[in-house]
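Examining the three-dimensional arrangement
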Amino acid sequence: MKINATASAFKALQIIAPRDDIRYYLNGVYVEAKAGETRLVATDGHRLAVYRIECNNDVPDGQAVSLIVPNSVIERLRVSRTSPDEVEIGWLDDGRAYVSHDDVRIAFTPTEGKFPDYRKVIPRTFTNTPGNYNPSYLADFQKVGAALKRQRGLSNVYVAMRQNGESGALVTVAGLDNFAGVVMPQRIGDSPSVAWATMQ
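Below you will find a few notes about this structure. Since this is a predicted model, take the numbers as computed values, not measurements. Per-chain numbering applies: the sequence of each chain, read as written, is numbered from 1 onward. Where local features are concerned, this predicted model is filtered to residues with pLDDT of at least 70; where side-chain atom pairs are given and counted, the filter is 80 or more; whole-chain, interface and lining totals use all residues. Side-chain calculation: all heavy atoms of the structure are included, whereas hydrogens and water are not.

Comments concerning the overall build of the protein chain
Scanning the protein chain for helices and strands turns up 4 helices and 11 strands. Relative to the compact-globule value of 16 Å for 200 residues, the protein chain shows a C-alpha radius of gyration of 18 Å, a close match. Principal-axis analysis of the C-alpha atoms places the extent of the protein chain at approximately 70 × 35 × 30 Å. Each residue gets one of three labels from its accessible area relative to the maximum for its type: buried under 20%, exposed over 50%, partly exposed in between, using a 1.4 Å probe on protein chains only. By the burial criterion, 44% of the 200 residues in the protein chain qualify as buried. A sequence separation of at least 24 residues applies to 64% of the contacts in the protein chain between residues at least 6 apart. In DSSP terms, a helix is any run of H or I states spanning at least four residues, a strand is any run of E spanning at least two, and both are numbered starting from the N terminus. Only the C-alpha atoms count toward the radius of gyration. The rule for a globule is 2.2 Å times the residue count to the power 0.38. Only heavy atoms matter for contacts: two residues are in contact if any of them lie within 4.5 Å across the pair.

The structure is reproduced here in structure tokens:
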């Protein structure tokens with residue numbers, strides 16, 4: 001079986017993936033593929049990003065394959081306007097996997113462990129109740145959107161968020177209908193901060 005993806009999508013979603021989390025299975029990008037699409041997923045437990053690529057994969061109809069590509073492999077991918085963006089993922093006879101990009105094949109052992117069920121995290125309903133969010137997390141979604149759109153020659157990045165109170169908020173990027181993100185709110189309690197109180 002062979003799976004198709006893009007180097008730019010791997011690099012973009014890696015912005016969300018942690019580098020040295022004790023939950024080692026999060027230190028990379030999760031790949032889920034069916035015959036007609038590949039999904040790349042990254043999460044650090046506070047935010048999550050999913051990107052869907054429509055493509056023809058060598059996967060039997062009705063079946064799905066998945067693996068976790070570690071950061072050390074993704075870091076070796078090179079993205080530029082002059083190099084091809086297409087990536088092929090497959091398996092070697094010895095049980096290892098490989099990522100092939102721009103005439104370079106990187107063999108690796110897929111990360112073991114069960115990746116979180118990302119479908120359960122994506123909200124289906126919204127309260128539109130304001131929440132408190134880490135601004136650096138939102139800035140990272142801006143970077144993800146920019147990286148995904150840059151390879152397509154697009155420059156304007158508009159990130160929108162459907163707030164959900166104390167539950168995860170949905171993050172979208174205008175012009176990227178195949179992208180979805182989730183950011184969890186910060187828990188700061190009900191009492192006003194001391195700094196706020198001194199301004200009264």
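So much for the structure itself; the text now carries on.
Focus: the pairing of strand 8 (residues 104-108)
The sheet contact formed by strand 7 (residues 97-101) and strand 8 spans 5 bridges and is antiparallel. Its bridge partner lying in strand 8, Ser100 is registered against Arg105. The loop that links strand 7 with its antiparallel partner strand 8 comprises 2 residues; one of these, Asp102, has a positive phi angle of about 50°. A pair of strands is treated as paired once DSSP finds two or more bridges between them.

Describing the packing of aromatic side chains
Stacked, tilted and edge-to-face are the three classes assigned to paired rings of Phe, Tyr and Trp, where Trp is represented by its six-membered ring and a pair needs centres within 6.5 Å; plane angles under 30 degrees give stacked, over 60 edge-to-face, the rest tilted. Considering all chains together, one arrives at 3 aromatic pairs under this definition. Relative to Phe115, the ring of Tyr30 lies with its centre 4.8 Å away and its plane at 5°, an arrangement referred to as stacked. With Tyr30 in strand 2 (residues 28-34) and Phe115 in the loop between strand 8 and helix 3 (135-150), this residue pair connects regions lying 85 residues apart in the sequence. When sorted by exposure, Tyr30 lands in the same class as Phe115, which is buried. Definition used: whenever NZ (Lys) or CZ (Arg) falls within 6 Å of the ring centre and also within 35 degrees of the ring normal, the charge is taken to sit over that ring. The ring centre of Tyr98 lies 3.9 Å from the NZ or CZ of Arg105, which sits over that ring.

Remarks on the layout of surface pockets
By volume, the largest pocket is sized at about 170 Å³. If you go around the largest pocket, the residues you meet are Arg39, Val50, Arg52, Tyr118, Arg119, Ile122, Arg124, Asp177, Asn178, Phe179 and Ala180. At the level of elements, strand 4 (47-54) and strand 11 (179-183) are the ones that each hand at least two residues to the lining of the largest pocket. Each residue gets one label: Ala, Val, Leu, Ile, Met, Phe, Trp, Tyr, Cys and Pro are nonpolar, Asp, Glu, Lys and Arg are charged, and the others, such as Gly, are polar. A per-class count over the lining of the largest pocket returns 5 nonpolar, 1 polar and 5 charged. We place a 1 Å grid over just the protein atoms. Points where a 1.4 Å probe fits but has no way out form a cavity, open points with protein on both sides within 12 Å along at least 5 of 7 lines form a pocket, and any residue with an atom within 4 Å of a point lines it. Grid points are joined across faces, edges and corners, and a volume is the space filled by probe spheres set on the points.

Here we look at the pattern of salt bridges
A carboxyl oxygen of Asp or Glu within 4 Å of a side-chain nitrogen of Lys or Arg is what we treat as a salt bridge. All told, the structure shown has 9 salt bridges when counted by the stated rule. In this structure, the salt-bridge partner of Asp94 is Arg96, at a minimum N-O distance of 2.8 Å.

Focus: the sheet that holds strand 11
If you walk across this open sheet you meet the 7 strands as 5-2-3-4-11-10-9, and the pairing is antiparallel. Each having just a single partner strand, strand 5 (65-70) and strand 9 (159-162) make up the two edges of the open sheet. When strand polarity is set aside, the average angle formed by the axes of neighbouring strands in this sheet is 20°. Judged from the 5 bridges that link them, strand 4 and strand 11 form a sheet pairing that is antiparallel. Note that in strand 11 the partner of Tyr51 across the bridge is Phe179. Angular values range over 0 to 180 degrees, each being the angle between N-to-C directions of two axes fitted as lines to C-alpha atoms, with helices fitted over their stretch in contact. The sheet contacts of helix 3 involve strand 4, strand 9, strand 10 (169-173) and strand 11, and relative to strand 11 the element is tilted by about 170°.

What to know about the sheet that holds strand 8
With antiparallel pairing, the 4 strands of this open sheet are ordered in space as 1-6-7-8. The open sheet has two edge strands, strand 1 (2-6) and strand 8, and neither has a second partner. Looking at each pair of strands side by side, their axes are set apart by 25° on average, direction ignored. Note that strand 1 and strand 6 (residues 86-91) share 5 bridges and pair antiparallel.

A closer look at helix 3
Between its terminal C-alpha atoms helix 3 stretches 22 Å, which fits the 22 Å expected from 16 residues at 1.5 Å a residue. All of the buried residues along helix 3 are Tyr137, Asp140, Phe141, Val144, Gly145, Ala147, Leu148 and Lys149. Residues of helix 3 that are buried sit in contact with helix 1 (7-13), strand 4, strand 9, strand 10 and strand 11. Here the expected length of a helix is defined as 1.5 Å per residue gap, with one fewer gap than residues.

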